[in-house]
Each structure stands twice: as structure tokens, then as C-alpha cells.
Amino acid sequence: MTSIRESSGLDVGALRDHFPALARTVGGLPLAYLDGPGGTQVPRECIEAIVAYLERSNANHGGAFAASVESDAMLDDVHAAAADFLGAHDPGEVAFGPNMTSLTFAASRAIGRELVPGDEIVVTRLDHDANVAPWLALAEERGLVVRWLELASDRAVLDLDALDRVLTSRTRIVAVGLASNALGTVTDVGRVVEAAHAVGALSYVDAVHAGPHLPIDVAAMRADLLVASPYKFFGPHLGLLYGRRDLLERLPAFRVRPAGDALPGKWETGTQNHEALAGLLGTFGYLERLGAAYGGASGTTDRRTRLRAAMVAIHEHERDLTVGTLERLATVPGLTLYGLTDPARVGERVPTFSFTLDGHAPRAVAAHLARQAISVWDGDFYAWELVRALGLAERGGLVRIGLVHYNTLEEVDRLVSALGELAIA
């Protein structure tokens, strides 16, 4: 493949060669995966690790025989690697599950056992519904009060200046997203966590959409609980929960009796998806190599340092992608882009863009792009509250494109050309 070296220093062509799916063609055209917010592609290291596990070590954990011992070692390693990725200092503070939504419903039910009628929960209009609906269901079940952190007047960011009015002495949980899966907005979660702690509340941070774009540091953020989805940051379909050890030990998790109270088993119900967890280790290996090659971490073998260097390098690279995409989308007649559109505010967003096109329903736009081998999403993307706040629910929602580090501005050029065909039709 021809090398594509962006101004940030990433050799995107070399990195794309790690992702077999990116070589796929549809109708003779290279397939442009601009659907990253719904799930990214995986590197060859992930695929090979899954195959290797299934060929050699496929077994349940806790046994005395070779494959089970190997599975236990892999499980220990992937918990430690995930802790390194999230900036946690204790592998026991990391638990895996089938997806973020299931983990959030489980965590909310555990927290709910400590709440009483009249206690308050704060949710936002910007979040994915997986960090809203579980708390609404808990509020209905337990007689809790729901308070909303609304959008600011620009309808692109949350009104964080309203935190002092929304949070009260009865607030027990503040649920907030680090990055919007619909608009790409990055929220100052540290400010939200600080405000929550000031009134004695717990913070529950949805970092799913931030995962492929930003370095995450739960310690610096002081998050109490945080969830992510490895399949959004180049891994298999899994969910990931971080929680402070004292909190995870205190909360009454729903589990089978033999699981006991030891972490992380207390929060991992049943046998985990071992082959997917092995694949996630492969993904972390890919990111480590990226951090060594492009993030200035070649002089260390420390996994935490390499993973953070990778995500810093990716974040810096994506700033260029974001600016270039904003410039290109602005040339499409009849296109209305929602969220932050000022290139000067690139530091407040990730390269996720949602828009409408005059005269064309979002699904029709997505179908037109699919015929030209360009994958995008349409609808509300489970940002249920946001799309209704924008007044777009009855109009089919939005068209969403999402770039990650393996995407290129050449793919965005193809997108803009295809949208231009519709705009003049």
C-alpha cells in the first residue's frame, strides 16, 4: 500500500496494513469505513490472538490442567492491560462483561440498593441512552428524583455552568459522557466529577466514544465508575467497567454465590468471553507498538507508558482529520452540520460529525453512500434525548460519519463528492 503520512507523524498507510478489513472492496470500490462510532475494525494482532487462544488454550478458568492455567494467565494479563489503558493502578478495579449497556444496568441496580426515595440522580441530554435509560429505570423503581443537565444555547455542548443549580445535597449519582457519540463533543468530565464529589455524589462516566480517540486516565479524572467498549477502540465485542476498589467491594453486586467477594470476579457474572479477551490483548499489543513507533515510547517496555503514548499520538493526528473534515463538509450545498463547527475549537471534539442534507432523508443519504462503498450511520445512534432536543426525531435523525486514526482525508473527499451528487440532484 502507498504510504500516507499525515502532518501529525503517523504513517497511516503502514498502520492501515494492520487492519485486514480495510482491504475490502464493494462493487470494485475500496470500502470506506466511516462508521467507526458504531464499532471499529480490528488489527491483525487481535485476530491472530483470538485464533491462537481457540487453537491452544480454550478452556474455562480455575482448573489444574494446562489450558485452564493458560486461560487464567491470559485473564490476569488482560485485566492488567485494561487497567494500564484506563490509567487505573489496580487490575482488580477492572471488570469485563458482554457490553457497556449490560454492565451499566448491573452497576445501576447495585447502586440502587443503597438509595432511598427522594434521592436524586443527574443525567444529561447529550449522552448515549445506555447512560440514561438504566438510571431512569432505577429512578422509577426506587422512587428517585431525576434531574437533567441540559444542552447549552449552542446545542453542541452541555451547560456546565448549570451544575451548581442541578446538583443538590440529595444528589447521589451523576451520569455523564466523556465524548458524545453523535456530535463528537468532548465534555470536561473532570469538572463534572469535582462538582459531584462536592455534594457527596458518585460519578458514572461513559467513556465508550472517547475510547478510540483520547487517552483516558481514571486516576486524574477521579472517576468513581467508568465504562468503555473495546469494540469501539479496535477490539472485539466486549464491555469494560472500572470502579474504585473500595466502591466495588462495598456495593452489593448481583452474582452467583460461588463467585464470592473477590475482585473482579464479584462483578463478572458467569464465564467471560475468553477468546474475545485474548483478542483484546492483541489489540493492546498493536497500540503498544503504535505508541513505540509514533508516540516517542520506543525507549520503554512499560505497557502503560506505551498505551498512553499511542492514544496521545492518535489524538494529535485526529486533530488534523477533524479540521480537514470540517473544511470539506462546509463545501457541500444544503448540508447542516450539528455540534461544534469552528476549527478553532477542535480541541473540544473528536472526529465524529452528524448532519442533515436538504431534501434528502438521512436513511436515503446513507443508502446512496453505501452504493458507493462508503459506510455511514443514520438515525439517532441511541443519542435519544439529543436527537429529540434538536427536533430531528420525526425527520429520521441525522447522518453520522466517524473517523478514527486509520481513516484518511482521501476517504472524506470521496464522501464529499458523493454528497455533492445528491445536493445537485
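Residues numbered from 1 in each chain as written. Predicted model: local features only at pLDDT ≥ 70, side-chain atom pairs only at ≥ 80, totals over all residues. Heavy atoms only, no water.

(A) The overall build of the chain, seen in detail. Scanning the chain from terminus to terminus reveals 14 helices and 15 strands. The C-alpha atoms of the chain give a radius of gyration of 22 Å, which matches the 22 Å a tight globule of 425 residues would have. Counting over 425 residues, the chain shows a buried share of 56%. Long-range pairs, those at least 24 residues apart, make up 69% of the contacts in the chain with a sequence separation of at least 6. For the chain, the accessible surface area stands at approximately 16,800 Å², while carbon and sulfur atoms represent 51% of it. Here the chain contributes 38 positively and 53 negatively charged side chains, and the mean placements of these two sets differ by 3 Å. (Helix = DSSP H or I, 4+ residues; strand = E, 2+ residues; numbered from the N terminus. Rg over C-alpha atoms; globule rule 2.2 N^0.38 Å. Buried < 20%, exposed > 50% of the residue type's maximum accessible area, 1.4 Å probe, protein only. Contact = heavy atoms within 4.5 Å. Areas by Shrake-Rupley, 256 points an atom, 1.4 Å probe, with all protein chains shown as cover. Lys, Arg positive; Asp, Glu negative; His and termini not counted. Charge placed at Lys NZ, Arg CZ, Asp CG, Glu CD.)

(B) Quick peek at the packing of helix 3 (residues 66–86) against helix 11 (residues 303–329). In the contact formed by helix 3 and helix 11, the axes pass within 8 Å of each other and the chain directions differ by 50 degrees. Considering the angle they form, helix 3 stands oblique to helix 11. When you trace helix 3 past helix 11, the crossing you get is right-handed. Here D77, A80, A81, A83, D84 and F85 of helix 3 lie close against helix 11, whose contacting residues are R303, R304, L307 and M311. (Axes fitted to C-alpha atoms, helices over the stretch in contact; angles between N-to-C directions. Parallel < 35°, antiparallel > 145°, perpendicular 65-115°, else oblique. Left-handed = near helix turned anticlockwise from the far one by under 90°.)

(C) Seen up close, helix 4 (residues 100–112). Here helix 4 contains 13 residues, and its C-alpha end-to-end distance of 18 Å stays within 8% of the 18 Å for a straight helix at 1.5 Å per residue. For helix 4, every residue scored as buried is listed here: M100, L103, T104, A107, S108, A110, I111 and G112. In the core, the buried residues of helix 4 are packed alongside strand 4 (94–97), helix 5 (133–142), strand 7 (171–177), strand 8 (202–206), strand 9 (225–228) and strand 10 (239–243). Its side-chain oxygen placed 3.3 Å from the backbone nitrogen of T101, N99 serves as the N-cap of helix 4. (Expected span 1.5 Å × (residues − 1). Polar contact = N/O pair within 3.5 Å; in protein donor to acceptor, adjacent residues only side chain to side chain.)

(D) Expanded view of the side chain of T187. The residue T187 is located in the loop between strand 7 and helix 7 (189–198) in this model. With a relative accessible area of 7%, T187 lands in the buried category. When residues no more than four places from it in sequence are discounted, the contact partners of T187 are L126, L158, L160, V176, G177, L178 and V192.

(E) Up close: the pattern of salt bridges. Across all of its chains, the model carries 24 salt bridges by this definition. Across the pair R289 and E45 runs a salt bridge, and its minimum N-O distance is 3.6 Å. Of the two residues, R289 sits in helix 10 (residues 274–294) while E45 sits in helix 2 (residues 44–56), which places them 244 residues apart along the sequence. Residue classification places R289 among the partly exposed residues on the basis of a relative accessible area of 44%. E45 sits in the buried class, given a relative accessible area of 14%. Here the salt bridges do not stand alone but share partners, grouping D77, D84, R303 and R304 into one network. (Salt bridge = Lys/Arg side-chain N within 4 Å of Asp/Glu carboxyl O.)

(F) Structural detail: the packing of aromatic side chains. Summed over the entire model, instances satisfying the criterion amount to eight aromatic pairs. Between F19 and Y286, the ring centres sit 5.3 Å apart and the planes meet at 85 degrees, which makes this aromatic pair edge-to-face. A residue pair is termed long-range when its members are at least 10 positions apart, and F19 in the loop between helix 1 (12–16) and strand 1 (25–26) and Y286 in helix 10 qualify at 267 residues. The two residues F19 and Y286 agree in class, both being buried. Counting every residue linked through ring pairs, the aromatic cluster contains F19, F234, Y286 and Y406. When the ring centre of F254 is taken as origin, the NZ or CZ atom of R113, which lies over that ring, is 4.6 Å away. Over the ring of W148 we find R125, and its NZ or CZ is 3.8 Å from the ring centre. (Phe/Tyr/Trp six-rings, centres within 6.5 Å; stacked < 30°, edge-to-face > 60°. Lys NZ or Arg CZ within 6 Å of the ring centre and 35° of its normal.)

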